[in-house]
Amino acid sequence: MTAVIDPRTLRSAFGSFLTGVTVVTANDPEGQPIGFTANSFTSVSLDPALLLVCLAKRSSNFAALTSAKGFAVNILAEDQEAVSNTFARPSEDRFATVGWRNGPYGSPVLDGAATWFDCAMHEVIDAGDHAILVGAIKAFEDAGTNGLGYARGAYVKPGTLGDAVAAAAQGEAVVGAVVERDSMILLLGPDEGPLTLPEAPIGEANDPQALRAFLFRTTGLPTHVGFVYSVYENRATRRQHIVYRCDAGLGDPATGRFFPLASAPLDRIADSPTRDLVRRFAAESALGNFSVYFGNEASGRTHPVGRKA
Ligand SMILES: Cc1cc2nc3c(=O)[nH]c(=O)nc-3n(C[C@H](O)[C@H](O)[C@H](O)COP(=O)(O)O)c2cc1C
């Protein structure tokens, strides 16, 4: 339990809530499309049809979004992780890399979204370092595809979990672990030679508890085993790999060492799917840890937030 509320710890605690990922869009006063990644979306009311999303006061588009006549919420599909990253990072033109058009009520709706809702601004409610945008849904379209998930700073894909089950059923699978601690990743191997992730045959780590026991046996580290991070087939060995995300507790590993994610020695990871996986993990972890979501510093700017009719 923590009685003193430290914003950083609070942000992590909020992160245990598994959410979907959306991109919220609108038009600025010049008619240019604007948008940002948000997982604070919530359905609110069926009749009238209302939804909400929370916007940080320090968003570069705060003034434009809170005064817009409407906004759209695009629920991202499982394969739109890159879109989420684009709309969560500073960029000259976030809309250059994704297909979009204006929805019936006028806000940009993104190609490939699992669902979009085009809304009129119903109410803007001041709430601490965020504002709550309540939208009155004017039109929506549901493509019927799976949504992208997000928990504890990482993406979660329902399809990947299904793939893991299928891979495990085929038998020819190994279970790997991306073990993280303080923005560092555990890699195994000699001081100078090639590095790998900790890996066990499926028989030794067929569920998270068994993987946890395997990691403790081999590295001596206590770990918390999170979600499946990746499932892939190594074409060279024809083996399925199921890789979990794990957080390590304190202590020196009995084997291998921790490398900073920001400068992970990718050139020493001989296996190319593993190299790609570590590269992706490093990029996402930076976003998860350092993204401004849930703004844990006091906002330097204060904007008057009014109520709209
Ligand atoms: C998965 C994810 C969810 C996010 N959810 C929100 C959110 O609900 N509200 C928010 O204000 N920022 C959220 N962010 C952070 C913004 O997307 C990010 O700060 C973005 O750069 C803001 O852009 P802007 O300043 O141009 O508006 C989230 C980021 C990620 C990666």
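Residues numbered from 1 in each chain as written. Predicted model: local features only at pLDDT ≥ 70, side-chain atom pairs only at ≥ 80, totals over all residues. Heavy atoms only, no water.

Visitor: Explain the overall build of the protein chain here, please?
Guide: When helices and strands are tallied, the protein chain shows six helices and 18 strands. Relative to the globule expectation of 19 Å for 309 residues, the C-alpha radius of gyration of the protein chain, 21 Å, shows essentially globular dimensions. Here the C-alpha coordinates of the protein chain stretch approximately 65 × 45 × 35 Å along the principal axes. The buried share of the protein chain, taken over its 309 residues, is 47%. In the protein chain, once contacts between residues fewer than 6 apart in sequence are set aside, the share between residues at least 24 apart is 68%. Of the accessible surface of the protein chain, which amounts to about 15600 Å², a share of 55% is contributed by carbon and sulfur atoms. The averaged location of the 33 negative side-chain charges in the protein chain is 2 Å from the averaged location of its 26 positive side-chain charges. (Helix = DSSP H or I, 4+ residues; strand = E, 2+ residues; numbered from the N terminus. Rg over C-alpha atoms; globule rule 2.2 N^0.38 Å. Buried < 20%, exposed > 50% of the residue type's maximum accessible area, 1.4 Å probe, protein only. Contact = heavy atoms within 4.5 Å. Areas by Shrake-Rupley, 256 points an atom, 1.4 Å probe, with all protein chains shown as cover. Lys, Arg positive; Asp, Glu negative; His and termini not counted. Charge placed at Lys NZ, Arg CZ, Asp CG, Glu CD.)

Visitor: Is there a simple way to explain the pairing of strand S6 (residues 70-75) in this structure?
Guide: Residues in a regular strand point their side chains to alternate faces of the sheet. Across the six residues of S6, six count as buried, placing the element largely inside the fold. Because side chains alternate across S6, one face comprises the buried residues Gly70, Ala72 and Asn74, and the other comprises Phe71, Val73 and Ile75, equally buried. Here S6 runs beside strand S9 (residues 115-127); their pairing, made up of six bridges, is antiparallel. Counterpart to phenylalanine 71 in the pairing with S9 is cysteine 119. (Pairing = 2+ DSSP bridges.)

Visitor: What exactly am I supposed to notice about the sheet that holds strand S11 (residues 149-151) here?
Guide: Hydrogen bonding along the main chain pairs the strands of a sheet, whether they run parallel or antiparallel. With antiparallel pairing, the three strands of this open sheet are ordered in space as S1-S11-S12. Where the open sheet ends on each side, the last strands, each with one partner, are strand S1 (19-20) and strand S12 (154-156). In this structure, S11 lies alongside S12, joined through three bridges in antiparallel fashion. In the sheet register, alanine 151 faces S12, and the bridge partner there is alanine 154.

Visitor: I would appreciate a short explanation of the sheet that holds strand S4 (residues 42-45) in the present structure.
Guide: An order of S3-S2-S6-S9-S10-S5-S4 is seen for the seven strands of this open sheet, with the pairing classed as antiparallel. The sheet is open, and its two edges are formed by strand S3 (33-38) and S4, each paired on a single side. For this sheet, the mean angle separating the axes of adjacent strands, direction not counted, is 35°. (Axes fitted to C-alpha atoms, helices over the stretch in contact; angles between N-to-C directions.)

Visitor: Honestly, the pattern of salt bridges in this entry has me stumped. Any pointers?
Guide: Pairing is possible between side chains of opposite charge, provided their charged atoms come close. Applying the stated criterion across every chain yields a total of seven salt bridges. For glutamate 81, the salt bridge is made with lysine 157, and the minimal N-O distance between the two is 2.7 Å. Taken as a pair, glutamate 81 in helix H3 (residues 81-86) and lysine 157 in the loop between S12 and helix H4 (158-170) lie far apart in primary sequence, 76 residues in all. On the basis of relative accessible area, glutamate 81 is assigned to the buried category, the value being 8%. A salt bridge links arginine 217 to glutamate 204, with the shortest nitrogen-to-oxygen separation between them at 3.3 Å. (Salt bridge = Lys/Arg side-chain N within 4 Å of Asp/Glu carboxyl O.)

Visitor: How should I be thinking about the state of the cysteines in this particular structure?
Guide: Note on terminology: a disulfide is the covalent bond linking the sulfur atoms of two cysteines. Enumeration over the complete set of coordinates arrives at zero disulfides. Looking at the unpaired cysteine 119, the closest cysteine sulfur is the one in cysteine 54, lying at 14 Å. Judged by its relative accessible area of 0%, cysteine 119 is buried. (Disulfide = S-S within 2.5 Å.)

Visitor: Any chance you could explain the pairing of strand S5 (residues 50-56) here in plain terms?
Guide: Across the seven residues that make up S5, a large majority, six, are buried. The pairing of S4 with S5 spans three bridges and is classified as antiparallel. Paired with threonine 42 across the two strands is leucine 52, which belongs to S5. Connecting S4 to the next strand, S5, in antiparallel fashion are four residues. Pairing geometry for S5 and strand S10 (residues 130-142), over seven bridges, is antiparallel.

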